[in-house]
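Listed below are the residues making up each chain.
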Amino acid sequence: MKAAAKPGTRPAVPLEHGAVPWLLAVALATAGPHFGHLPWWLSALVGGALCWRAWLWQQRRQLPPRWTLALLVIGTIAAVGWQFRTLLGKDAGVALLVIFMALKPMEMNKRRDALVVIMLGYFLLLTHYLYSQSIPTGLWLLVAITLLTATLIRLHGGAQPVATVARHAGLLLAQALPFMLILYLLFPRVSGPLWGLPQDAYSGLSGLSDQMAPGSISRLVQSGAIAFRSRFVGDLPDQSDLYWRGPVFDDYDGLTWRTSKPPGKAPPQAPTIAAGSPPQAYTSILEAHNRRWLLALDVPTRLPPDSSLAPTLEALAREPVRVRSRFSFASSVAYRANVDETPAILQQALALPPRINPRSRALAAGWASRPPREIAAAALAMFHDEDFHYTLQPPLLGPNAMDDFLFDSRRGFCEHYASAFVFLMRAAGVPARVVAGYQGGELNPVDGYLNVRQSDAHAWAEIWIAGEGWLRFDPTVAVAPSRIEQGIVAALPAGESLPMVIRIDSDWLRELRNRWEAANNTWNQWVLGYNPQRQREVLSRFGWREPDWRSMTASLAVLCGVALLLVALWTLPRRRAVDPAQRAWQKYCAQLARRGISRVQWEGPVAFAHRVARERPELAALTGEAAALYAALRYGRSDQNAAGTLRLLQECIDRLPPRRRRNA
């Protein structure tokens with residue numbers, strides 16, 4: 001026989017059978033969205049474990065023994081370590097949390113086990129923002145946190161209609177909303193991401209690379225993701241002027257172009273730019289790409305703070321752009337850059353690997369006696385007049401890549417034409433280099449931002465001419481002029497693989513896409529991008545010019561206190577008055593406490609009456625009668641003769657014997 005619980009101690013409360021589906025729904029809602037980036041075997045294991053637990057609940061079967069669960073936990077932890085080669089980091093850590101969420105219900109038979117599942121669910125919700133911070137993710141997490149809160153209410157409140165539980169959870173979350181807004185606006189922000197993430201946090205970021213080989217730009221074009229958004233103060237420049245400068249490649253090994261380090265130990269010489277057109281001011285919202293390039297409109301004349309202009313004219317941030325960031329620029333689309341160039345840079349812009357591409361070298365040698373502009377015109381005329389094709393699916397090239405492209409395949413994308421043009425220029429004695437970046441963009445009329453996508457990635461060329469500096473030449477214009485004038489969709493032949501988001505030809509679908517992307521832009525700027533700078537802008541609108549952490553903390557405390565008072569004033573009138581039956585029962589129990597026997601808070605009327613019968617037999621009959629009357633009033637299904645029953649309960653208080661006097 002089990003020993004009776006000591007008075008004043010609370011035994012473990014068994015888990016109610018009807019609460020299990022709520023907890024399984026919590027496990028699925030918090031772990032399920034991770035299935036998209038977990039290994040298939042782990043997703044199958046989690047789904048199988050939850051289905052197994054649901055079957056055990058439905059059949060009212062016993063839970064598996066603990067040794068079985070121990071083996072499952074050890075085996076899955078070892079499998080996660082084998083899959084990710086570590087148990088640390090973002091992916092491995094999230095995988096372990098998902099496993100724990102799936103296996104914990106297998107030993108869930110007490111209320112405290114259910115509380116562990118709920119608390120783990122609250123924590124697991126945070127990990128979704130490590131993979132996606134989009135609007136759908138935010139909406140799903142809102143639904144999931146409502147489900148978690150409702151499950152907590154159901155766990156302690158017993159069986160209730162689903163609508164009642166959901167309404168109660170919604171009211172609780174609505175009461176927390178003012179505090180959330182105050183904390184969001186006033187809590188001191190820190191620069192950088194919200195999370196202190198491991199090194200693998202940035203492994204999934206995409207964008208231009210620091211090297212370019214045949215196929216690198218064409219692979220990037222397969223993505224319709226937005227690389228950055230720009231909003232101009234005045235009129236939008238012409239489409240043909242929208243060259244957004246990224247990395248500059250001047251080191252070539254015969255197959256791959258790379259960025260080179262500045263020669264020598266001396267600091268690089270700052271570029272000299274003479275603007276040939278009025279500068280145009282604009283603001284760009286740059287997506288994280290884990291590189292320093294700011295992708296300014298070619299060429300920038302005013303840079304944001306903590307940035308610089310490289311000798312090769314790229315706008316560079318001090319640190320890699322690892323979070324979505326906002327930058328303000330001014331650029332001139334007509335310019336003369338570095339008319340007086342350093343010999344080291346010019347020498348690098350002429351370097352070619354020896355003993356490769358003999359046919360291309362011979363072709364360029366025939367042009368070498370001409371002026372640089374005529375050499376460039378001859379190369380462009382060849383691309384325009386001869387049978388060259390612009391395609392995302394060119395054939396593979398051999399060791400003599402330029403010869404294969406120029407004389408055999410004649411099929412390529414922008415990186416092929418830019419590479420071949422620069423090779424020919426260098427072979428003819430003209431300093432040249434490849435520039436990668438983005439060309440064009442699509443104006444979103446909903447919010448006025450120019451959306452530049454990864455599919456707008458492009459490569460072009462620059463040559464240096466004495467007295468004129470670096471000049472842009474885009475060989476793609478010679479073979480596919482519609483690429484610059486109308487965009488990538490118009491330039492490629494039918495049947496080429498392109499992202500669906502840029503191939504939309506329906507007006508209503510395009511309008512829907514524009515509205516969705518404008519909503520995402522607002523979300524990014526005011527929710528995800530609420531950084532210290534944005535916080536200062538918002539507070540300055542309320543007359544707070546120089547906020548510091550002390551004044552913000554004080555204001556935070558005051559406003560939270562005011563919000564707490566307002567919520568209390570709103571909720572107190574809504575609280576139901578104490579039930580007369582409950583008041584009478586509490587008074588009866590208080591009288592018993594004066595006589596030496598106190599009711600524990602968790603103790604129900606019947607259980608309390610049984611304990612009174614054991615400890616004070618002389619009060620057993622009266623307490624049993626009072627408990628039965630209170631139970632009938634409190635939990636009975638009929639209100640008939642409720643007044644008479646309440647009167648009998650109140651009379652029980654008067655019938656209590658006098659308290660025993662202590663002996664002197």
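Structure: see above.
Described below are features of the structure shown in this document. Given the structure is predicted, the values throughout are model-derived calculations rather than measurements.

## What to know about the pairing of strand β2 (residues 226-232)
Part 1: Counting buried residues in β2 gives 6 out of 7 residues, a clear majority hidden from the surface.
Part 2: Relative to strand β17 (residues 450-453), β2 runs antiparallel, the two sharing 4 bridges. Counterpart to Ser230 in the pairing with β17 is Leu450.
Part 3: Summarising the sheet, β2 and strand β7 (residues 280-286) pair through 5 bridges and their orientation is antiparallel. In the strand pairing of β7, Phe232 is matched with Tyr282.

## With respect to the sheet that holds strand β4 (residues 251-252)
Part 1: Ordered by their spatial adjacency, 3 strands build an open sheet running β1-β5-β4, and the pairing between neighbours is antiparallel. Looking at strand neighbours, the two that pair on one side only are β1 (211-212) and β4, the edges of this open sheet.
Part 2: Looking at chain direction, β1 and strand β5 (residues 257-258) are connected through 2 bridges and run antiparallel. Each bridged residue has a counterpart across the sheet, and for Gln211 the counterpart in β5 is Arg258.

## Quick look at empty space enclosed by the protein
Part 1: On inspection of all chains with the given rule, the structure shows 3 cavities of 30 Å³ or more.
Part 2: Here the largest cavity defines a volume of roughly 130 Å³.
Part 3: Lining the largest cavity, in full, are Ile285, Arg324, Ser325, Arg326, Asn524, Gln525, Gly529, Asn531, Gln533, Arg534 and Glu537.
Part 4: Those elements that place two or more of their residues in the lining of the largest cavity are β11 (325-331), α17 (507-528) and α18 (532-541).
Part 5: Considering each element in turn, the lining of the largest cavity owes the most residues, 3 residues, to α18.
Part 6: Taken together, the residues that form the lining of the largest cavity break down as 1 nonpolar, 6 polar and 4 charged.
Part 7: In this model, the second largest cavity occupies a volume close to 100 Å³.
Part 8: Pro214, Met402, Glu415, His416 and Ser419 are the residues nearest the centre of the second largest cavity, which is lined by 13 residues in total.
Part 9: For the lining of the second largest cavity, the elements supplying multiple residues, two or more each, are α12 (401-409) and α13 (414-427).
Part 10: Tallied by class, the residues present in the lining of the second largest cavity amount to 10 nonpolar, 2 polar and 1 charged.

Rules used in this analysis
- Counting restarts for each chain: residues are numbered from 1 in the order of the written sequence.
- Predicted model: local features are reported for residues with pLDDT of at least 70 only, side-chain atom pairs are reported and counted for 80 or more only, and whole-chain, interface and lining totals are derived from all residues.
- Only hydrogens and water are removed before side-chain values are computed, so all heavy atoms of the structure are retained for them.
- Under the scheme applied here, a residue whose accessible area is under 20% of the maximum for its type counts as buried, over 50% as exposed, and between as partly exposed, the area being computed with a 1.4 Å probe on protein chains only.
- A run of H or I in DSSP counts as a helix once it spans at least four residues, and a run of E counts as a strand once it spans at least two, with each numbered from the N terminus.
- Whether two strands pair comes down to DSSP finding at least two bridges between them.
- Using a 1 Å grid laid over the protein atoms alone, points where a 1.4 Å probe fits but cannot get out form a cavity; open sets with protein on both sides within 12 Å along at least 5 of 7 lines form a pocket; any residue with an atom within 4 Å of a point counts as lining.
- Grid points are joined across faces, edges and corners, and a volume is the space filled by probe spheres set on the points.
- Residues are grouped as follows: Ala, Val, Leu, Ile, Met, Phe, Trp, Tyr, Cys and Pro are nonpolar; Asp, Glu, Lys and Arg are charged; every other residue, Gly included, is polar.

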